[in-house]
Amino acid sequence: MTRIKFDDQFFETEPSETVLQTLLRHNMQVPYGCRAGVCQSCLMRCLDETPVPATSQMGLKASQQKENYFLPCICLSENDMSVILPHADDVWLDGRVVDKYALSSNVMLLKIQSKEPLAFFAGQFVNLRNKAGVTRSYSIATIPNASHTLIFHIRILPHGQFSRWVADEVAIGMSLNFSQAQGSCHYIEGKSEQPLLLIGTGTGLAPLYGIIRDALENHHHSGDIHLFHGSRDATGLYFESKLHDMAKNHTNFHYTPCVSGENSDQTIYMKGRANQIALEKFSQLNGWRVYLCGQPDMVLQTKKMAYLQGASLKDIYADAFLS
Amino acid sequence: MSEILNTANATLFEQLGGEGAVNAAVDIFYRKVLADQRINHFFDGVDMDKQAAKQKAFLTMAFGGPANYSGKDMREGHAKLVQMGLNDSHFDAVIENLAATLSELGVSAELIGQVAAIAQTTRADVLGK
């Protein structure tokens, strides 16, 4: 007989009873499905240092096994166990830095290779965690690929705990943890003729770039795709030649770099804020799909304006960054 | 096996077109409210998706459909706005936008009157009277 600690209470197991049966017998509210170790609905994590029975980790990711995740429905406890329900944020995957370089004076590209295949949509974000435990959310700036790599655009802030670490200490080969991909700001299949309007400021370009590539390369989106990328000054923009090339190769993709500050070269950049320029150019957004990424104020204001100009709320995808 | 819709027995909600009609109306109604200078400052900074869900619940009720609203919810939900100065003129503006929405959707004047009458029943709770 062993004792299971859950939700600050102790429960004694009966002989040949699984951990799930013990918890259910005591009327604990825990999710479960197949009761056969297949569906993983009942996934839990053991907080003890003693490894859980290996048979109860059947089918889990290597990183989950390492962190003592297990399936209570097929777990016959051998020792006392202290268990918790997992939260999405608790599951950390292992990755390795494979590339890092400057995209502009204050934005770095960081490329990470995951140890295991991972599922995500271009435009979603993950939490990155460094060795000191500092965690920040970053959008994925690439599309799912066979080498399991993720690319991030990291804005280097003068006193940014995480971004300074990326700029100063991260070296190729270094390991890094990241969470499962989250967020609903991504390309949705269907309606490939629908016009898309994407507006981003600063590194808000990262998810938009992934979404555009996903739309063009994986889904052959046939409707017009308009990207407005804005910054106060030209040094805040990046990927310009890549995006101009993309526009040359795809006749339905249109790229407008916008600079709101003074002294910008108006033969290259539109003068003004990206959101205002975009909303002025497209005053009727009925039937459009709109993606907004960047500073929260810009995102909130533009979401409202896009809606007032005719876009349906369900067609507006927004991702506000706190910087 | 066609069935003749007996409008005398059909509920107001059925006559208006049920949930589909509510969905069509929410999009137009909320847009009108946000564009209306008389009342849009009450909506500054709200989460638009959550607000649209609330508008849908309100319209469902006003259309005579299933409602989960209680007078207490209405009072508590608007108490802050009353402190900000929400009064009868603002309530009238909302009813006006509601009527304009229905008229745009081709709803008859008679049914619009019935919807407005249901919406009016919330006035005292909304305004904290």
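Right, let's walk through the structure included here. (Residues numbered from 1 in each chain as written. Chains lettered and ligands numbered in written order. Predicted model: local features only at pLDDT ≥ 70, side-chain atom pairs only at ≥ 80, totals over all residues.)

## Structural notes on the interface of chain A and chain B
Step number 1: On the chain B side, the residues contacting the 6 residues of chain A number 7 residues.
Step number 2: Its residues placed into classes, the side of chain A that touches chain B shows 3 nonpolar, 1 polar and 2 charged. (Contact = placed C-beta atoms within 7 Å. Nonpolar A, V, L, I, M, F, W, Y, C, P; charged D, E, K, R; others polar.)

## What to know about unusual backbone geometry
Residues and elements named next belong to chain A.
Step number 1: The phi angle at Ser 16 is positive, at roughly 50 degrees, despite the residue not being glycine.
Step number 2: You can see Ser 16 is positioned in the loop between strand E2 (9-12) and helix H1 (19-25).
Step number 3: In this structure, Lys 191 takes a positive phi of about 50 degrees despite not being glycine.
Step number 4: By the element assignment, Lys 191 lies in the loop between strand E11 (175-179) and strand E12 (196-201).
Step number 5: The exposure class of Lys 191 is partly exposed, given the 14 C-beta atoms found within 10 Å. (Helix = DSSP H or I, 4+ residues; strand = E, 2+ residues; numbered from the N terminus. Buried ≥ 20, exposed ≤ 12 C-beta atoms within 10 Å, placed from the backbone.)

## Side note on the environment of Thr 122 of chain B
Step number 1: Summarising the element assignment, Thr 122 of chain B is placed in the loop between helix H6 (109-120) and helix H7 (123-126).
Step number 2: Through-space distance from the C-alpha of Thr 122 of chain B to that of Leu 34 of chain B is 20 Å; in sequence the pair is 88 residues apart.

## Focus: the pairing of strand E10 (residues 149-155) of chain A
All names here are of chain A.
Step number 1: In terms of burial, E10 is a largely internal element, 6 of the 7 residues being buried.
Step number 2: As paired elements, strand E7 (residues 107-114) and E10 share 7 bridges and run antiparallel to each other. Bridge pairing in E10 links Met 108 to Ile 154. (Pairing = 2+ DSSP bridges.)

## Some words on the pairing of strand E13 (residues 225-231) of chain A
Residues and elements named next belong to chain A.
Step number 1: Among the 7 residues that make up E13, 6 are buried, leaving the element largely enclosed by the rest of the structure.
Step number 2: One ladder, built from 6 bridges, connects E12 with E13; its direction is parallel. Its bridge partner lying in E13, Leu 196 is registered against Ile 225.
Step number 3: In this sheet, strand E14 (residues 253-259) lies alongside E13 in parallel orientation, the contact comprising 7 bridges. Paired with Phe 228 across the strands is Thr 256, a residue of E14.
Step number 4: Where the polypeptide runs from E13 across helix H5 (residues 240-249) and back to E14, its parallel neighbour, the crossover connection is right-handed. (Right-handed = clockwise from strand over helix to strand, strands pointing away.)

## Side note on the sheet that holds E2 of chain A
Residues and elements named next belong to chain A.
Step number 1: One open sheet holds the 5 strands; their spatial order is E2-E1-E5-E3-E4, and the pairing between them is mixed. This sheet does not close on itself; its edge strands, each paired only once, are E2 and strand E4 (69-70).
Step number 2: Of the pairings in the sheet, the one linking strand E3 (residues 44-46) to strand E5 (residues 81-84) comprises 2 bridges and is antiparallel in character. Its bridge partner being in E5, Arg 45 is matched across the sheet by Ile 84.

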